[in-house]
Every structure is written in C-alpha cells, then in structure tokens.
Amino acid sequence: MNLQLLAVPLLTALALSLTACSKPGEPPTSHAAAATAPAAVNTSSYDTVANTGRGFTVGSMMSAQPVYVLFEPQCTHCASLWKASLALHGKVKFIWMPVAFNQGKSLSQAATLLSAADPLAAMTEHEKLLLSGNGGITAIGSVSPELAKSIKTNTDLMTTLGIDSVPFILAKNRRTGEIVSNNGALDTASLAKLLGVD
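What you see is a predicted model, and the numbers here were worked out from it, not measured in a lab.

What's the story with the sheet that holds strand β4 (residues 93-98) in this structure? I'm lost.
Strand pairing in a sheet takes place through backbone hydrogen bonds and is either antiparallel or parallel in direction. If you trace the five strands from one edge of the open sheet to the other, you get β2-β4-β3-β6-β7, paired in mixed fashion. The strands lining the two open edges of the sheet, one partner per strand, are β2 (56-59) and β7 (179-183). On average, adjacent strands in this sheet sit at an angle of 20° to one another, irrespective of strand direction. Bridge analysis of strand β6 (residues 168-172) against β7 gives five bridges, and the strand direction is antiparallel. Along β7, the bridge assignment pairs Phe168 with Asn183. Lying over the sheet, helix α3 (residues 43-52) contacts β3 (66-71), β4, β6 and β7, oriented at roughly 110° with respect to β6.

Printed below as a string of structure tokens:
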C-alpha cells in the first residue's frame with residue numbers, strides 16, 4: 001500500500017481539529033460535523049430554549065436579537081467561542097446557558113457563573129483561566145437546589161433538541177429572520193455571518 005496516498009487523508013483529518021466538546025459516551029464532533037445543526041432545530045426549538053433555559057446575559061442589552069449559547073464550563077471550545085463573541089457585544093445580546101455533563105467541577109462552576117454579580121467579568125476570567133490550562137474559576141462551595149435545577153434543565157435541553165456537543169448556538173439571523181444554529185466554536189467573522197450582523 002502506498003503510504004503517500006494515506007498521508008493526504010490523514011493530514012486532512014488532523015487539520016480538521018475538533019471544535020466542540022461532546023457529551024460523555026458521544027463521539028467527538030469534528031469541524032465538518034459541527035457545521036450541521038441537529039434536525040430538531042426549528043422555531044419551536046428556539047421558543048423552547050428561550051422560554052425554558054436559564055442563562056446570564058451579556059452584550060447589547062437593548063438588542064432585539066437574543067443569541068442563546070449552551071456551554072459547558074470545562075469545554076475549551078466554549079472558551080474559544082466566548083473569546084470570539086466579545087467583539088460582537090456592542091451589537092448582539094448573548095444569553096449564555098451553562099450545562100454540566102462533565103464530572104468534577106462543572107456543576108459548581110456553572111452555578112458560580114450563573115449567579116455571578118458581574119457575569120461578564122466572571123466568564124472572562126473563567127475562560128481565560130480555562131484556556132491557559134488552569135481549570136477555570138474557583139467555584140462556590142455548594143450549589144443551591146434552585147441553581148442545580150436550572151443547570152439540569154439547560155442540560156436536558158440538549159437531549160430534547162438532539163444536541164450532542166457544545167458550544168451550541170441558537171439564534172435568529174438579523175438579516176433573514178430565519179432560525180440559525182451551530183455546533184462548535186466559530187471565529188468572530190464566522191459568528192457575525194451566522195448571526196447576520198456587520
């Protein structure tokens with residue numbers, strides 16, 4: 001067998017680095033798979049997330065275009081999306097909804113972020129620490145039943161919508177009004193294009 005023929009597909013596969021964190025037991029989501037939205041995403045799905053999920057809001061509070069992001073506190077791809085979204089905060093209202101499917105500190109970090117007095121500062125610090133390999137912010141000692149229930153509801157939304165990885169973005173495109181979604185991290189330009197903002 002010609003090893004050079006195998007080298008091209010192998011290098012291509014390596015170049016398509018993972019852009020999303022999968023739930024335990026799920027196969028990792030690749031860049032190619034991340035571009036495909038779950039089949040269940042529609043107006044009903046958007047309304048379900050808007051009416052059922054709980055998150056913290058950052059960005060343009062007066063924007064009529066809420067963008068919902070399901071994220072896992074221990075997901076480095078979510079941290080990359082957070083970093084990319086910062087440039088759009090003047091134009092878009094982001095509602096970040098924490099889920100917890102990783103063992104360890106995910107639930108307590110999700111609760112800490114969800115209850116932060118200054119969610120922008122808390123999330124920025126958390127994601128900076130996570131991307132630098134320091135595991136994220138120090139979490140609150142115990143999670144209240146109310147916060148635990150909210151995070152479980154957010155996590156259950158993933159199953160309801162058929163989402164197997166995060167970050168998951170759900171929004172209405174500003175230009176077209178159509179429901180758009182994406183599994184995986186995006187750079188700022190790609191995120192702006194998905195959302196229909198300049």
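What is the right way to read the side chain of Gln109 from this model?
Inspection of the secondary structure assignment puts Gln109 in helix α5 (residues 106-114). Apart from the residues within four sequence positions on either side, Gln109 is in contact with Pro73, Gln74, His126, Gly135, Gly136, Ile137 and Ala139.

Explain unusual backbone geometry here, please?
Keep in mind that most residues, glycine aside, have a negative phi and that most peptide bonds are trans. A cis geometry characterises the amide bond from Val166 onward to Pro167, with omega recorded as 0°. Here Pro167 shows up in the loop between β5 (165-166) and β6.

Hey, could you run me through the packing of aromatic side chains in this one?
For any two aromatic rings, the description comes down to two numbers: the centre-to-centre distance and the angle of the planes. Evaluated as defined, the whole model comprises four aromatic pairs. Plain terms: the ring middles of Phe56 and Phe71 are 6.1 Å apart, the flat faces sit at 80° to each other, and that makes the pair edge-to-face. In this pair, Phe56 sits in strand β2 while Phe71 sits in strand β3, placing the two residues 15 residues apart along the sequence. Judged by relative accessible area, Phe71 falls into the buried class, the value being 0%. Arranged with centres 5.1 Å apart and planes meeting at 70°, the rings of Trp82 and Trp96 form a pair that is edge-to-face.

What am I meant to see in α5 here?
Across the nine residues that make up α5, a large majority, eight, are buried. All of the buried residues along α5 are Ser106, Ser108, Gln109, Ala110, Ala111, Thr112, Leu113 and Leu114. Check the buried side of α5 and you find it contacts β2, β3, β4, α6 (119-131) and α7 (145-161).

Just checking my understanding: could you explain the packing of α3 against α7 for this structure?
Where α3 contacts α7, the two axes come as close as 11 Å, and the packing angle between them is 170°. Viewed along their axes, α3 and α7 adopt a mutual orientation that is roughly antiparallel. In this structure, α3 uses Ser45, Thr48, Val49 and Thr52 to contact α7, whose residues at the interface are Thr153, Leu157 and Leu161. Residue composition of the contact of α3 with α7, by class: three nonpolar, four polar and no charged.

Please explain the pattern of salt bridges as it appears in this structure.
A pair can form between side chains of opposite charge whenever their charged atoms are brought close. Applying the stated criterion across every chain, the model contains three salt bridges. The closest approach of N and O atoms between Glu146 and Arg54, which form a salt bridge, is 3.6 Å. Remark: Arg54 occurs in the loop between α3 and β2 and Glu146 occurs in helix α7; sequence separation between them is 92 residues. The partly exposed category is assigned to Arg54, whose relative accessible area is 30%. The shortest N-O distance in the salt bridge between Lys152 and Asp156 comes to 2.9 Å. On the criterion of helical spacing, the pair formed by Lys152 and Asp156 is a turn pair, its members being four residues apart in helix α7.

Thresholds, definitions, all that
- Residues numbered from 1 in each chain as written.
- Predicted model: local features only at pLDDT ≥ 70, side-chain atom pairs only at ≥ 80, totals over all residues.
- Heavy atoms only, no water.
- Pairing = 2+ DSSP bridges.
- Helix = DSSP H or I, 4+ residues; strand = E, 2+ residues; numbered from the N terminus.
- Axes fitted to C-alpha atoms, helices over the stretch in contact; angles between N-to-C directions.
- Contact = heavy atoms within 4.5 Å.
- Phe/Tyr/Trp six-rings, centres within 6.5 Å; stacked < 30°, edge-to-face > 60°.
- Buried < 20%, exposed > 50% of the residue type's maximum accessible area, 1.4 Å probe, protein only.
- Parallel < 35°, antiparallel > 145°, perpendicular 65-115°, else oblique.
- Nonpolar A, V, L, I, M, F, W, Y, C, P; charged D, E, K, R; others polar.
- Salt bridge = Lys/Arg side-chain N within 4 Å of Asp/Glu carboxyl O.

These values are about where atoms sit, not about what they do.
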